[in-house]
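# Chain and residue survey
Spelled out from the first residue to the last, the chains are:
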Amino acid sequence: MNILVINGSPRKNGNTETMSDTFLEAARENGHTTKKINLYTTKVNPCLGCDYCHSHGSACVQKDGMDDIYRAMDQADLVVFASPLYSCGLSAQMVAVLNRFYSRVHTVGFHSLSSALFIVSGGPTIITSEIIARFKKMAENNNLPRNVGMFGSGEPAVGESTHINSAAVDQYRKVAKINRFADLGVFEIGGMRAKGDMKNSPELQKIRDFAHSL
Ligand SMILES: Cc1cc2nc3c(=O)[nH]c(=O)nc-3n(C[C@H](O)[C@H](O)[C@H](O)COP(=O)(O)O)c2cc1C
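My aim in this report is to walk through the structure given alongside it, one point at a time.

Reading the values: rules and limits
Note that residues are indexed from 1 along each chain, following the sequence as it is written. Selection of residues for local features in this predicted model requires a pLDDT of at least 70, selection of side-chain atom pairs for listing and counting requires 80 or more, and totals for whole chains, interfaces and linings are taken over all residues. To get the side-chain values, take all heavy atoms of the structure and skip hydrogens and water. Helix and strand definitions follow DSSP, with helices as H or I runs of at least four residues and strands as E runs of at least two, each counted in order from the N terminus. In this scheme, a residue with accessible area under 20% of its type's maximum is buried, one over 50% is exposed, and one in between is partly exposed, where area comes from a 1.4 Å probe on protein chains only. In this analysis, two residues are considered to be in contact whenever any of their non-hydrogen atoms come within 4.5 Å of each other. Calculation of accessible area relied on Shrake-Rupley with a 1.4 Å probe; when residues are assessed, cover is drawn exclusively from the protein chains displayed. Charge convention: Lys and Arg are scored as positive, Asp and Glu as negative, and His as well as the terminal groups of each chain are ignored. For charged residues, the charge sits on one atom: NZ in Lys, CZ in Arg, CG in Asp, CD in Glu. The patch calculation keeps residues exceeding 30% relative accessible area without a salt bridge and links them within 9 Å when they carry like charges or within 5 Å when they are nonpolar (Val, Leu, Ile, Met, Phe, Trp, Tyr). Salt bridge, as used here, is a side-chain nitrogen of Lys or Arg placed within 4 Å of a carboxyl oxygen of Asp or Glu. Take the residue count of a helix, subtract one, and multiply by 1.5 Å to get its expected span. The arc refers to the directions leading from the helix axis to the C-beta atoms. Definition of nearness: a residue and a molecule or strand are near each other if at least one heavy atom of the residue lies within 4 Å of the molecule or strand. Within 3.5 Å is the distance limit for a polar contact, defined as a pair of N or O atoms, with the added protein rule that one can donate a hydrogen and the other accept it, and that residues adjacent in sequence qualify only through two side-chain atoms. Between N-to-C directions, angles cover 0 to 180 degrees, with each direction set by a line fitted to C-alpha atoms, over the stretch in contact for helices. By definition, any crossing whose near helix is turned counterclockwise from its far helix by less than a right angle is left-handed, and any crossing with a clockwise turn is right-handed. Each residue gets one of three labels, nonpolar for Ala, Val, Leu, Ile, Met, Phe, Trp, Tyr, Cys and Pro, charged for Asp, Glu, Lys and Arg, and polar for the others, Gly among them.

### Here we look at the overall build of the chain
- Scanning the chain for helices and strands turns up 7 helices and 7 strands.
- Counting from the amino terminus, the chain carries its helices and strands in the arrangement β-α-β-α-β-α-α-β-β-α-β-α-β-α.
- Along the longest, intermediate and shortest principal axes, the C-alpha atoms of the chain span 60 × 45 × 30 Å.
- By the burial criterion, 46% of the 214 residues in the chain qualify as buried.
- The contacts in the chain between residues at least 6 apart in sequence include a share of 75% that link residues at least 24 apart.
- About 10,600 Å² of surface is accessible on the chain, with carbon and sulfur atoms providing 50% of the total.
- Each charge class in the chain can be summarised by its mean position, and for the 23 positive and 20 negative side chains these summaries are 4 Å apart.

Here's what the structure looks like:
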């Protein structure tokens, strides 16, 4: 199959790119054809909301990296949206791509396409009240105000937990549904605080397993 990864990290060779490359390498081992588009070089502007596309057969007034993305998606069987978690959501670069799908939503649509989401966060994927308590202690010990360094996804009550990626996953799933992509799953790797952390993550195995399952 033809597999396309759209890497939504603005950081070249960052954790999201390592996750994407690991996946693509494993996919090639299984005989698949692969392509990666990095949104740090392929620039996509935000949608202008002008509605030109809806009266012009999906054509957009903006000529930018979205043309390459559509071309690649039209040839792909599977598109993987890979994004770092930014402010509890997808990166702005990735959101711009999803917003631009608006030009196709009520016009020409997409051909039959599967999709998946890769999401990389600095914090752990599941934040428990114990983790928050540990962070508060750390802040206290370092004489930082109590709100410095907290995870942005809200503080779970004692004994409860919160899924740090929930907003990003929800947006991806709804966009997949609207555009009639067959969702093959969401793959999350948390705790990737510094550039390069992903290289040593044992969790990359689940990405290789996903590629080998295709
Ligand atoms: C602007 C910005 C916002 C971020 N917001 C979050 C966040 O809300 N939650 C979190 O766990 N990590 C957050 N992070 C950390 C990144 O998700 C993490 O460092 C990730 O590994 C970056 O991936 P990259 O190396 O591919 O760019 C943020 C990082 C940046 C630069």
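And the narrative resumes.
### Brief notes about a nonpolar patch on the surface
- On the surface, a nonpolar cluster with roughly 290 Å² of combined accessible area is contributed by Leu48, Tyr52 and Val61.
- Leu48 sits in the exposed class, given a relative accessible area of 61%.

### A few points about helix H6 (residues 166-178)
- In this model, H6 (13 residues) spans 18 Å end to end at C-alpha, consistent with the 18 Å of a helix rising 1.5 Å per residue.
- When we look at burial in H6, the residues that qualify are Ala168, Val169, Tyr172, Val175 and Ala176. Seen from one end, H6 has its buried residues packed into an arc of 135°, which puts them on one side. Facing away from the buried surface of H6 by more than 90 degrees, the exposed residues are Lys177 and Ile178.
- Where H6 terminates, the next one or two residues include Arg180, which has phi positive at roughly 60°.

### A closer look at the site of the ligand
- Inspection of the region around the ligand gives 17 residues, with Ser9, Asn15, Thr16, Gly123 and Met192 positioned closest.
- Interatomic distance of 2.8 Å between a backbone N/O atom of Leu85 and an oxygen atom of the ligand.
- A distance of 2.8 Å is found between an oxygen atom of the ligand and a backbone nitrogen or oxygen belonging to Gly123.
- About the coverage of the ligand: the protein hides 74% of its 650 Å² of free accessible area.

### Comments concerning unusual backbone geometry
- Of note, the phi angle at Asp51 is positive, near 70°, even though the residue is not glycine.
- Mapped onto the elements of the fold, Asp51 is located in the loop between strand S2 (33-38) and helix H2 (66-75).
- A relative accessible area of 36% means that Asp51 is categorised as partly exposed.
- Unlike most non-glycine residues, Ser58 shows phi in positive territory, near 95°.
- With respect to the helices and strands, Ser58 occurs in the loop between S2 and H2.

### Looking at the packing of helix H1 (residues 15-29) against helix H7 (residues 204-212)
- Contact geometry for H1 and H7: axes closest at 8 Å, N-to-C directions at 35°. You can see that H1 and H7 cross each other, and the crossing is right-handed. Here Met19, Thr22, Phe23, Ala26, Ala27 and Glu29 of H1 lie close against H7, whose contacting residues are Leu204, Ile207, Arg208, Phe210, Ala211 and His212.
- Across the contact of H1 with H7, the residue classes break down as 8 nonpolar, 2 polar and 2 charged.

### Some points on the environment of Asn179
- Turning to its location among the elements, Asn179 is positioned in the loop between H6 and strand S7 (182-189).
- Along the chain, Asn179 and Phe101 lie 78 residues apart, while their C-alpha atoms are 8.0 Å from each other.
- Beyond its immediate stretch of four places on either side in the chain, Asn179 contacts Phe101, Val105 and Phe110.

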